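Below are the chains, spelled out letter by letter.
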Amino acid sequence: METIKKLPQVPASWFGIVLGLAGLGLSWRVAHRVWGMPALIGESTLGISAMVWATLLGLFAVKWILFRCDAHAELKDAIQSTYISLIGIGTNLMAIGLYPYSQRGALALFVPATLVSVTHGVFFTSFAWSGDRHSSATTGSLYLPTVAGCFVTGTAAATLGYHGLAQLAFGAGMFSWLSIESVILHRLYDKSEMPPEQRPSLGIQFAPAAVAAVTYLSIQGGVPDLFSKALLGYAILQGLVVVRLIGWIMVSPLNVRYWAFTFGAASLSTASCRTVEHGEQGALRILAPILFIAANLIVAGVSAVTLSQLVRHLFTSRRTERVFRDPRSA
């Protein structure tokens, strides 16, 4: 029991790691079909994301069993509660990754993931509408419960062949995005400057349009049209704004919060690659390889920072434990 209680209390926001890795793996899967990139890299990345997902899911369950007060506090927090939706989103991405290997397995993941996404989206939104929210709680994480949740559900539904459900999910995500975006931009334009610890959440800002493009192309069979290109154009514009602000954002130390940048970057790469796969001859044909490289660099960079911090934490913890047991070792 003492060993179990020493396990880290995993915040729901850590599931953003799953989104970044799985999103990149799915982008490599499309890049394999388009440019003949090694399939092993994409499938290995998806495999790693599955291991991270399973580990985090287990640790999150332990938190609810042994540290229920902390878990309830996270659920009631205006900002941290938004990240709980990442559990359903990440599980749906696992379903998409698993689909080529086992359709039944993918369906077994899709059903509970969709139920979690819809349930959390409904309850979070109802509490947000009826509660006393301060403007400081208005960050990019507001997109997660209904926007990201619905879009990824739509992509998973289309992958599994449920196109009617995918269209409903796309509509729910689209109109949620339009309404929430106005609220977030109002804060960014008219309220006080965002504190440093919240600035990495701006990495989510260009994700909705990119994720929407992936969902739309999944429903439409990947054929690029005016609307899909409009979504990608807006995602690129938002991404450029975030790049322009990177120095201001990185006043906050590098940590796990920067995984917020990864899923949007991977989705932008995936969507642009899918347009090329289906005959795009315009600007996106030139931009797709650039966006693919950028997504890999972003995920690789954030992964390196996360791994170095994890190794440093483990080394420090072991050294502290040795010192505690034997003061002469100090």
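Residues numbered from 1 in each chain as written. Predicted model: local features only at pLDDT ≥ 70, side-chain atom pairs only at ≥ 80, totals over all residues. Heavy atoms only, no water.

On to the overall build of the protein chain. Helix and strand counts for the protein chain come out as 13 helices and zero strands. Going residue by residue from the N terminus, the α and β elements of the protein chain occur as α-α-α-α-α-α-α-α-α-α-α-α-α. In terms of C-alpha radius of gyration, the protein chain reaches 20 Å, essentially the compact-globule figure of 20 Å for 330 residues. Among the 330 residues that make up the protein chain, the fraction classed as buried is 48%. When contacts within the protein chain are restricted to residue pairs at least 6 apart in sequence, those whose partners lie at least 24 apart make up 77%. Put simply, the protein chain shows about 16,200 Å² of open surface, and 69% of that area lies on carbon and sulfur atoms. (Helix = DSSP H or I, 4+ residues; strand = E, 2+ residues; numbered from the N terminus. Rg over C-alpha atoms; globule rule 2.2 N^0.38 Å. Buried < 20%, exposed > 50% of the residue type's maximum accessible area, 1.4 Å probe, protein only. Contact = heavy atoms within 4.5 Å. Areas by Shrake-Rupley, 256 points an atom, 1.4 Å probe, with all protein chains shown as cover.)

Once that is clear, we can look at the packing of aromatic side chains. One pass over the full model with this rule turns up eleven aromatic pairs. Judged by centre distance (5.1 Å) and plane angle (75°), the ring pair of Tyr216 and Phe227 falls under edge-to-face. Of the two residues, Tyr216 sits in helix 9 (residues 207-220) while Phe227 sits in helix 10 (residues 226-244), which places them eleven residues apart along the sequence. On the basis of relative accessibility, which here comes to 13%, the residue Tyr216 falls in the buried class. (Phe/Tyr/Trp six-rings, centres within 6.5 Å; stacked < 30°, edge-to-face > 60°.)

With that out of the way, let us pick up the side chain of Asn92. Its place among the elements puts Asn92 in helix 5 (residues 85-98). Accessibility expressed as a relative area gives 0% for Asn92, which makes it buried. Aside from chain neighbours lying at most four places away, what touches Asn92 is Phe110, Ala113, Thr114, Ser117, Val152, Thr153 and Ala156.

Quick look at the pattern of salt bridges now. On inspection of all chains with the given rule, the structure shows five salt bridges. A salt bridge links Glu74 to Lys63, with the nearest nitrogen and oxygen atoms 2.7 Å apart. Pair noted here: Glu74 is in helix 4 (residues 68-76) and Lys63 is in helix 3 (residues 39-66), with a separation of eleven residues, a long-range link. Since its relative accessible area comes to 8%, Glu74 is described here as buried. In this structure, Lys229 engages Glu280 in a salt bridge whose closest nitrogen and oxygen atoms are separated by 3.0 Å. (Salt bridge = Lys/Arg side-chain N within 4 Å of Asp/Glu carboxyl O.)

Let's shift gears to helix 3. Taking 1.5 Å of rise per residue, the 28 residues of helix 3 would be expected to cover 40 Å, and the 41 Å separating its terminal C-alpha atoms lies within 8% of that figure. Burial in helix 3 covers these residues: Gly42, Thr45, Leu46, Ser49, Trp53, Leu56, Leu59, Phe60, Val62 and Lys63. (Expected span 1.5 Å × (residues − 1).)

This part covers the nonpolar core. By size, the foremost hydrophobic cluster in this structure holds 64 residues, and its most contacted members are Phe15, Leu93, Phe151 and Trp177. Of the residues forming this core, the biggest block, ten residues, is contributed by helix 9. Discounting residues that sit within four places of it in the chain, Phe15 has contacts with Trp53, Leu56, Leu57, Phe60, Leu86 and Ile87. (Core = buried A, V, L, I, M, F, W, Y, C linked by side-chain atoms within 4.5 Å.)

Turning our eyes to something else, we now look at helix 12 (residues 262-277). Look at helix 12: 22 Å from first C-alpha to last across 16 residues, which is about the 22 Å you get at 1.5 Å a residue. Burial runs high along helix 12: 15 of the 16 residues are buried.

Here we come to the packing of helix 6 (residues 103-130) against helix 7 (residues 143-159). Contact geometry of helix 6 with helix 7 gives a least axis separation of 9 Å together with a crossing angle of 160°. Here helix 7 runs roughly antiparallel to helix 6, going by the angle between their axes. Between helix 6 and helix 7 lies a crossing whose hand is left-handed. Residues Phe110, Thr114, Ser117, His120, Gly121, Phe124 and Thr125 of helix 6 form the contact with helix 7, whose own contacting residues are Pro145, Thr146, Gly149, Thr153, Ala156 and Ala157. Of the residues belonging to the contact of helix 6 with helix 7, the class tally is five nonpolar, eight polar and no charged. (Axes fitted to C-alpha atoms, helices over the stretch in contact; angles between N-to-C directions. Parallel < 35°, antiparallel > 145°, perpendicular 65-115°, else oblique. Left-handed = near helix turned anticlockwise from the far one by under 90°. Nonpolar A, V, L, I, M, F, W, Y, C, P; charged D, E, K, R; others polar.)

With that settled, consider the side chain of Gln198. By the element assignment, Gln198 lies in the loop between helix 8 (163-190) and helix 9. The exposure class of Gln198 is buried, given its relative accessible area of 14%. At a separation of 3.0 Å, a polar atom in the side chain of Gln198 contacts the side chain of Arg187. (Polar contact = N/O pair within 3.5 Å; in protein donor to acceptor, adjacent residues only side chain to side chain.)

Once that is clear, we can look at the environment of His163. By the element assignment, His163 lies in helix 8. For His163, a relative accessible area of 35% corresponds to the partly exposed category. Separated by 41 residues in sequence, His163 and Ile204 place their C-alpha atoms 27 Å apart. In this structure His163 touches Ala157, Ala158, Ser218 and Ile219, once residues within four positions along its chain are discounted.

Before going further, it helps to spend a moment on the environment of Ser308. As for its position among the elements, Ser308 is in helix 13 (residues 283-325). Judged by its relative accessible area of 33%, Ser308 is partly exposed. Through-space distance from the C-alpha of Ser308 to that of Ala78 is 30 Å; in sequence the pair is 230 residues apart. A polar contact is formed between the side chain of Ser308 and the backbone oxygen of Val305, at a distance of 2.7 Å.

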